[in-house]
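Commentary on secondary and tertiary structure
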Amino acid sequence: MFQVDLSKNRIQKLEERRFSDLNLREREHLQEWLAGQPDALGEELLIIQKEFDGFADTRERLDLLALDKDGQLVVIENKLDDSGRDVTWQALKYTAYVSGLTKTQIIDIYQQYLDRYCGGGNAAAQICDFLDVEELGEVILNPGNDQRLIFIAANFRKEVTSTVLWLREHRIDARCFKVVPYVFGEELFVDIQPVIPTPEAADFMIGMAEKETEARGAHGEQKTRHKLRREYWEMTLEALKEAGDTLYQNISPGKDHWLSAGSGVRSCHYAMIFGKSVLRVEFSFARAVAEENKWLFDRLIQKRDQIEADFGHKIEWLRLDDKKACRLQYEVPCDGFNREEWPNHIAWHVDHIQKWERALRGPLAEVNQALKANGGVS
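The sections below set out a description of the structure shown in this document. Predicted model only: the values in this text are computed from it and were never measured.

**Observations concerning the overall build of the chain**
- Looking only at helices and strands, the chain has 10 helices and 14 strands in total.
- Summarising its shape, the C-alpha atoms of the chain cover approximately 70 × 60 × 40 Å along the three principal directions.
- Relative to its full complement of 378 residues, the chain shows a buried share of 43%.
- For the chain, restricting intrachain contacts to residue pairs at least 6 apart in sequence, the fraction spanning at least 24 positions comes to 60%.
- Accessible area for the chain stands at about 20500 Å²; split by element, carbon and sulfur atoms hold 47% of it.

As C-alpha cells, this is what we get:
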C-alpha cells in the first residue's frame, strides 16, 4: 500500500506491521472496527450481537453475529496475525449452533445487543428497515441451512484456506478476508481485502449460486405472498378503472406490498400499501437531493389544514430528518390476507387514493411551481 504525494508526483510505501507489534487486540480493536463498520466486508450487514454465547451446554463465544440482506445469519470469526489451525472447526460449530435460531430468538438477540451497546431501539423495526420490508412476516430469517461464515485474519494457514474452498464446493458460503495494518508516521491504516473467493471470481461464483438458488424456487411463504399481492392489485386496478380513476391507468400489478403512481412532481409519488395488517395511502418525496425533499415538505405542510380538510382525515406528516426522503401517510388496520375482506379493502383503497390525490394535487402543483421559480433550493 502506498501514499500518493501529488505535490511531488511520487508515491511512498506504507509500512506493513503486525497487530501484535502495535499492541492491537482482537476483541478490543478489530472486532469493534468491524462491528462499527460492517460494510468493510464488501456488503451490507447488520450486526446483531458480539461475543455471542447463547449456546446451550457450552461457554463458547462467537465473535460477531450478523444478518445479510437476504435474512441469512452470518458468523464472523476474527483472528489477528494468524488464522490458527482450529478457526474453521470453531466457526463450523458456531454455525451449527445458530442454525436452529428462530425468528423470535433472532429478534431477542438483536434487542439485547441494542439495549447493551446502542442505547436501545426497536429490534424488529430496525431489522425491517435493514431488509427493506414493511413487516417481518414478509421474510424468513435464518432459512434452512443457508447460514454463512466469514473468516478474518492477517494470514491464513493452508489448512484453513483448503477447508474454506472445500466448504464452498459443497455450497456453504464461506469467505476469507485478509486484514493488514499499515503505519505512516503517527497514522494507522488497515486494509481489508477478500481472498476467498478472489475479487475476480466473486461475481461469477455468486451469480452461479444465485442462479442455482433461483432454480430451486423461492420459499413457499414468499411465493404465496407475492401471488396474493398480485391478485389483490389486479382487482384493485380493475376497480379503479371502473371508478373512472386515471391516476393508475398506466400502472401494472406487481408482487410488492406497494403500488405507486406519478404525481407530476419529479421523483415524488403516490402509493397504495397493502400489508398483512394494514392498508395505507402514501405520498413520498424521494428526490435525489435531500434538501429539495425537505423544502417541498416544509412548504406543503403549511397547507396542512386545507389538505386534511379536503381529504377528510388527519394525516401523518413524516419529515424523517435522519433520512433523505419525506412521507405523508394515512392508514387503517386490517386483516389483509383474508380474501373474504378483499372487497372492503379494495373499496377502501379506491375511495381513499382518489380523495388523497384530489386533496394533494393543487397544493403540490403550487409548491412545485415555487421550487422551479426559486431555481431549486438555495
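**Focus on the pattern of salt bridges**
- In total, this model carries 27 salt bridges according to the counting rule given.
- With its nearest N and O atoms 3.7 Å apart, the salt bridge here joins arginine 61 to aspartate 53.
- Ionic contacts of the salt-bridge type, sharing partners, join the residues Glu43, Asp68, Arg148, Arg168, Asp173 and Arg175 into one network.

**Quick word on unusual backbone geometry**
- Following isoleucine 196, the chain continues into proline 197 via a peptide bond in cis, with omega recorded as -5°.
- Mapped onto the secondary structure, proline 197 falls in the loop between strand S9 (187–196) and helix H6 (199–216).
- Of note, the phi angle at asparagine 23 is positive, near 60°, even though the residue is not glycine.
- Looking at where asparagine 23 falls in the secondary structure, it is placed in the loop between strand S3 (15–16) and helix H1 (26–36).
- The exposure class of asparagine 23 is exposed, given its relative accessible area of 58%.
- Positive phi, normally seen in glycine, also occurs at glutamate 51, with a value near 55°.

**Topic: the side chain of histidine 352**
- Tracing the sequence through the fold places histidine 352 in helix H10 (residues 342–373).
- The residues touching histidine 352, leaving out its near neighbours within four places in the chain, are Val281, Phe311, His313 and Tyr330.

**Here's the deal with a nonpolar patch on the surface**
- Taken together, the side chains of Phe2, Val4, Leu6 and Ile11 make up a nonpolar region of the molecular surface, amounting to roughly 470 Å² of accessible area.
- Mapped onto the fold, valine 4 is located in strand S1 (residues 2–5).
- By relative accessible area, valine 4 is classed as exposed at 56%.

**Digging into the state of the cysteines**
- Taken as a whole and assessed by the stated rule, the structure comprises zero disulfides.
- Cysteine cysteine 128 remains unbridged, with the sulfur of cysteine 334 as its closest cysteine sulfur at 16 Å.
- The class of cysteine 128 is buried, set by a relative accessible area of 9%.

**Observations concerning the environment of alanine 309**
- Relative to the helices and strands, alanine 309 is located in helix H9 (residues 304–311).
- Under the relative-accessibility criterion, alanine 309 is labelled exposed at 58%.
- As a C-alpha pair, alanine 309 and alanine 359 span 50 residues in sequence and 8.3 Å in three-dimensional space.

**Some thoughts on the packing of aromatic side chains**
- Scanning the model with the defined rule gives 17 aromatic pairs in all.
- Summarising the aromatic geometry, the rings of tyrosine 232 and tryptophan 342 are spaced 5.4 Å apart at their centres and angled 80° between planes, so their arrangement reads as edge-to-face. Highlighted residues: tyrosine 232 in helix H7 (residues 220–242) and tryptophan 342 in helix H10, separated in sequence by 110 residues.
- Taking 5.1 Å as the distance between ring centres and 80° as the angle between the ring planes, the aromatic pair formed by phenylalanine 283 and phenylalanine 285 counts as edge-to-face.
- Of the residues examined, phenylalanine 283 reaches a relative accessible area of 0% and is grouped as buried.
- Members of the aromatic cluster, each reached through a chain of ring pairs, are Tyr232, Trp233, Phe274, Phe337 and Trp342.
- Lying over the aromatic face of tyrosine 117, lysine 50 brings its terminal NZ or CZ to 4.2 Å of the ring centre.
- Positioned over the ring face of phenylalanine 130 is lysine 69, at 4.6 Å from the centre of the ring.

**Overview of the sheet that holds strand S13 (residues 316–318)**
- Judged by pairing direction, the sheet is antiparallel, and its five strands sit side by side in the order S10-S11-S12-S14-S13 without closing on themselves. Two strands in the sheet have a free side with no partner beyond their single neighbour: strand S10 (258–262) and S13. Averaged over all pairs of adjacent strands, the angle between their axes in this sheet comes to 20°, without regard to strand direction.
- In this structure, S13 lies alongside strand S14 (residues 326–333), joined through three bridges in antiparallel fashion. Residue pairing in the sheet places tryptophan 317 in a bridge with leucine 328 of S14.
- Running over the sheet, helix H8 (residues 290–300) touches strand S11 (268–274), strand S12 (278–285), S13 and S14 and is turned about 60° from S14.

**Examining the side chain of glutamine 354**
- Its location among the elements puts glutamine 354 in helix H10.
- Every residue in contact with glutamine 354, bar those within four places of it in the chain, is listed here: Ala243 and Asp245.

**Remarks on the packing of helix H3 (residues 103–117) against helix H4 (residues 123–131)**
- Where H3 contacts H4, the axes come no closer than 9 Å and their chain directions differ by 105°. As the angle between them shows, H3 and H4 are arranged roughly perpendicular. Residues Ile107, Tyr110, Gln111 and Leu114 of H3 form the contact with H4, whose own contacting residues are Ala123, Ala124, Gln126 and Ile127.
- Residue composition of the contact of H3 with H4, grouped by class: six nonpolar, two polar and no charged.

Rules used in this analysis
- Residues numbered from 1 in each chain as written.
- Predicted model: local features only at pLDDT ≥ 70, side-chain atom pairs only at ≥ 80, totals over all residues.
- Heavy atoms only, no water.
- Helix = DSSP H or I, 4+ residues; strand = E, 2+ residues; numbered from the N terminus.
- Buried < 20%, exposed > 50% of the residue type's maximum accessible area, 1.4 Å probe, protein only.
- Contact = heavy atoms within 4.5 Å.
- Areas by Shrake-Rupley, 256 points an atom, 1.4 Å probe, with all protein chains shown as cover.
- Salt bridge = Lys/Arg side-chain N within 4 Å of Asp/Glu carboxyl O.
- Patch = residues over 30% accessible without salt bridge, like charges linked within 9 Å, V, L, I, M, F, W, Y side chains within 5 Å.
- Disulfide = S-S within 2.5 Å.
- Phe/Tyr/Trp six-rings, centres within 6.5 Å; stacked < 30°, edge-to-face > 60°.
- Lys NZ or Arg CZ within 6 Å of the ring centre and 35° of its normal.
- Pairing = 2+ DSSP bridges.
- Axes fitted to C-alpha atoms, helices over the stretch in contact; angles between N-to-C directions.
- Parallel < 35°, antiparallel > 145°, perpendicular 65-115°, else oblique.
- Nonpolar A, V, L, I, M, F, W, Y, C, P; charged D, E, K, R; others polar.

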